Structures are given as structure tokens and as C-alpha cells.
Number of protein chains: 2
Amino acid sequence: MQELMGLYTKKEVYKRFDEMNLMELLTNSLKVQMKHIHIENNQTLLSVNDNKKVYFILKGIVAAQKDDELLYFRGKNHFIGLESILFNEESELTMTSIGRVEVIEFSKAEIVEFLMGLQEGWLYCYLISKDLNHLLVRNYFNFQAKPYERSKIMLNDLAKEFGESSDEHVLLPKKFTLAILTNYLGISYVTMRKILETLRNENFIVRSDKQKEICIHTKLF
Amino acid sequence: MQELMGLYTKKEVYKRFDEMNLMELLTNSLKVQMKHIHIENNQTLLSVNDNKKVYFILKGIVAAQKDDELLYFRGKNHFIGLESILFNEESELTMTSIGRVEVIEFSKAEIVEFLMGLQEGWLYCYLISKDLNHLLVRNYFNFQAKPYERSKIMLNDLAKEFGESSDEHVLLPKKFTLAILTNYLGISYVTMRKILETLRNENFIVRSDKQKEICIHTKLF
């Protein structure tokens, strides 16, 4: 480890031990079995009672929820299920597909065995845990803001992470329905509609004929 | 690691690698310097620009905040500053004493060097990160609840962790002033006063001559 700290800069460690690199290692390993699968909308991938698998997201969005409250989303090039690696620790969260999702499925036991065979394998898990902490602090902090501010920041974050960019705006995937957004933002339908209208008036959201479309001006990023 | 998984049960791993045990190891080490210090109320222990130290709390309460919003508290037998161990990663949080605090101060570099000299040293950091993860999910989830419910759960959590128990009730330390509680719970003074009154009417909080005292009935735990 000391050696590691000497050899690499911070940027290099984060690059070397990132999730895409782990995926590549797993793909090249003969010891780890994997299955490419498609999952339909609103299916449970992991839950308190079903946590023996790990998934790497190739396409689509997975929501982490607790008692039906949406806490965060994970997309392309992220693992889910690797946040807890010891003894198949019970996760308190349920992971559910938002729209269709394409993933690689692994057995958690096999990944953990593989990681522990690497000298610095724990670093992958440590960085995943750190990354999740960062996301949780960000969302929890945003919840201390009032609904209008919170919506602006969290919609922006979603657009950055999951949106389709064009020259002038970023379109939020339609999978983020009003029902999903109100749950995630902790805001009622009525308040949400008012806030969306305000954001359209402020030109934060682009006016469009499609009322359900949420397009955010890129210049605001 | 595989060996470790075979040798110990989950409970044993959590016990063996808990923060108090790490503190004992550090105390017995000749390589790690430590300083017993007292810190006055409202002092910054760690911040974005000052993160070369690690503290082990002997007495008192430390608050983690981001831009003046209180996100969580840490008390006795917990480390602060070990949430991030690589390259003195910048923490986005500021750690501040709530009332007087008694701590053992370490140099982070020395602790990290010590930990990396142990075969399973990373497990201490992993479990600290996991524990923080759990706390963040819990608080963030509570913020999705309405102010009344949120207050009840979060006051209960604070009482459990930091309260002084007697036979019939748990007294919340006076350091948790109304200003601190309203910030932590994300509720205005006016709403907070109303909620406290409701909780007194419901006998969740014990009625007392001291209006500022918050005593929670133990039977409700």
C-alpha cells in the first residue's frame, strides 16, 4: 500500500481502480462467470433477501430505494451490489430497474473471491463505498434545501448523469416520470408542477410542446 | 482475506475490526504519536483545508456539516478523519465540536502507514466507511418523511446515541440546542416549537418545568 501510494498519483489510483477497469479485469478472468441479461421495467435486481448477485450496468438506470422512497440512481458503467462485500451483508436498499436495463450478472461470492486474490483488490470496494458516500452526502444535503432549490440542483444532477445532450440542451430520459421525480425530490405533484412551471418561466427548462419533456439549457451547466 | 472469511463469523469480524479495537492497537503501537486534548465549544477539528489529522472521540459530540448544514453527529469511541484515507482526500465536510470535546489527536499519515502495515488494516477503514454509509442512508431517508415523523425518529436516534438514561426517560444533552436541532432536522423554529408541543402532548417527550429540556420516555424505545 505504501508502495502504491508512492507509485501513483491520486488521479492514477482513481483511474486504475475505477469500476470500468474492474469490469475489464473480470471479463478477462477465467474464474468468474458472467451472464449478459436484459431486464424489463420495474424489476427488483437486489433486495434485503436477494443479495447474492452483483450487476454491472451496460445500459439504463437502476434506482436504489428504501421502503418505496427513491434515494439515488445508478447508470452505465457502475456496479450495484458491490457496496457491501463481507458475508453478503444485508443491504437495507432495494435496487429496481427504471425502464429497460441491460446488465452483466455475476455471483457476488465469485467477485469477492476474485478481488481478494488481488493484492489491492479491496481498493475497488473502498472507492465504490467512497463514491456512494459522496452521492449520499450530496443528495442528503440537497434535501436540506427548499423544494425549489432542491429541484433545480437535483434535476441538474440527473441531467448531467443520465441526460442526452445536444448543442443547446440536455434532455432528461422519459423514464424519469413525474411519479418518479416527485418521489425522488420528496415533493408533492402540485408543488412539482408549480416548480416546473417556474423553471420554464426562468428558461432553466426549455419550453416545449411536449409538456412531459424536461429539457435543461446546457449553458446553465 | 478468504482465510479471514473462513476463520471468523460476521459478528467476530465486526468486533475484531471495530473502532475501539483500532484505538487499542494504536495505543499499544510505538510508532504512532498521540496527543490527549480538550477542545472548546464550536471549534473546527477538520475541514476541507485542514485534514491532516485524525481524532478519536473520548467525550463529547462532533458535528459533520456542509455549508453550515448539520448532516450528522459523532460521539464517544468513534474516529473522525478516517472516512477518507487516500492521499488526504479532500473531505467536503467540516467537523465541529458541539460543546466541550475530549479527543486523542493523531497524524493521519501515521495512522494510514500503521494500518497499511497490517495485513487486514484496510478492513478498519472499510467498516468505518460502511458505518458512515448506513448513517447517511438513515438520515437521508428520514428527510423524505414529513417534519413531524422526521423529528420523532431523529430525536429518538439522538437520544439513543447521546442521551443520558434513567429508569423512565432519556435526557437529550443540552448541547443540542433548539438552533442545532432546527438546523439538523431542517425545520423552522416555529414548526419545531409546534412539533415539540405535540410530542409533549403525546407524552413522547416528558413534560418538565424546564422548557428547554428534551426528555424522551424510555418505554418508547
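Residues numbered from 1 in each chain as written. Chains lettered and ligands numbered in written order. Predicted model: local features only at pLDDT ≥ 70, side-chain atom pairs only at ≥ 80, totals over all residues. Heavy atoms only, no water.

An unreviewed UniProt entry annotates chain A as Crp/Fnr family transcriptional regulator originating from Listeria fleischmannii.

Peer 1: For this particular structure, what's the right way to read the sheet that holds strand 9 (residues 215-217) of chain B?
Peer 2: Remark on secondary structure: sheet strands pair via backbone hydrogen bonds, oriented parallel or antiparallel. Residues and elements named next belong to chain B. One open sheet accounts for 3 strands, arranged 7-8-9; its pairing is antiparallel. Each edge of the sheet is formed by a strand with only one pairing partner; in this case those strands are strand 7 (164-165) and strand 9. Two strands pair when backbone bridges link them, and strand 7 and strand 8 (residues 169-171) are joined in this way by 2 bridges, in the antiparallel orientation. When the bridges of strand 8 are listed, Ser165 appears paired with Val170. (Pairing = 2+ DSSP bridges. Helix = DSSP H or I, 4+ residues; strand = E, 2+ residues; numbered from the N terminus.)

Peer 1: I keep staring at the confidence of the model for chain A and nothing clicks. Help me out?
Peer 2: Close inspection of predicted coordinates is inappropriate in any region flagged by low pLDDT. Taken as a whole, chain A shows an average pLDDT of 88; of its residues, 90% reach a score of 70 or greater. Across chain A, element-level confidence peaks in strand 1 (residues 35-39) of chain A with a mean pLDDT of 97 and bottoms out in helix 1 (residues 2-7) of chain A with 52. (pLDDT = per-residue confidence, 0-100.)

Peer 1: Just to check I follow, could you spell out the domain arrangement of chain A for this structure?
Peer 2: Bring the parts together and some accessible area is lost; that lost area is often taken as the interface size. All names here are of chain A. Domains assigned within chain A are domain 1 (2-142) and domain 2 (147-220). The centre of domain 1, based on its C-alpha atoms, is set 27 Å off from the matching centre of domain 2. The partner domain 2 presents 13 residues to the 17 residues of domain 1 that form the contact. For the pair domain 1 and domain 2, the two sides together bury roughly 1,300 Å², of which 61% comes from carbon and sulfur. Considering only the surface of domain 1 that becomes buried against domain 2, Leu70, Phe73 and Asn142 emerge as the three largest contributors, covering 44% of it. Across the pair Arg138 and Asp157 runs a salt bridge whose closest N-O atoms are separated by 2.6 Å. Linking domain 1 to domain 2 there are 4 residue pairs in polar contact (both at pLDDT 80 or more). (Domains from an automatic or database assignment. Contact = heavy atoms within 4.5 Å. Buried area = accessible area lost by both parts, 1.4 Å probe. Salt bridge = Lys/Arg side-chain N within 4 Å of Asp/Glu carboxyl O. Polar contact = N/O pair within 3.5 Å; in protein donor to acceptor, adjacent residues only side chain to side chain.)

Peer 1: Sorry if this is basic, but what is going on with the pairing of strand 3 (residues 53-66) of chain A here?
Peer 2: All names here are of chain A. With respect to burial, strand 3 is a largely interior element, 11 of its 14 residues being buried. The pairing of strand 3 with strand 6 (residues 94-107) spans 11 bridges and is antiparallel. For Phe56, the partnering residue across the bridge sits in strand 6 and is Ile104. Two elements, strand 3 and strand 5 (residues 79-80), share 2 bridges in a ladder whose sense is antiparallel. Across the sheet, the residue bridging to Phe56 is Phe79, located in strand 5. Counting the residues between successive antiparallel strands, the hairpin from strand 3 to strand 4 (residues 69-74) contains 2 residues, one of them, Asp67, with a positive phi of roughly 45 degrees. (Buried < 20%, exposed > 50% of the residue type's maximum accessible area, 1.4 Å probe, protein only.)

Peer 1: Would you mind going over the pattern of salt bridges with me for this structure?
Peer 2: Side chains bearing opposite charge may pair, as long as their charged atoms lie close to each other. Residue and element names in this part refer to chain A. Per the counting criterion, the structure on display carries 16 salt bridges over all chains. Between Arg16 and Glu120 there is a salt bridge whose closest N-O contact spans 3.8 Å. Taken as a pair, Arg16 in helix 2 (residues 10-16) and Glu120 in the loop between helix 4 (108-117) and helix 5 (122-142) lie far apart in primary sequence, 104 residues in all. With its nearest N and O atoms 3.1 Å apart, the salt bridge here joins Arg100 to Glu40. Note that Arg100 is positioned in strand 6 and Glu40 in the loop between strand 1 and strand 2 (44-46), a separation of 60 residues in sequence. Taking relative accessible area as the criterion, Arg100 reaches 48% and is therefore assigned partly exposed.

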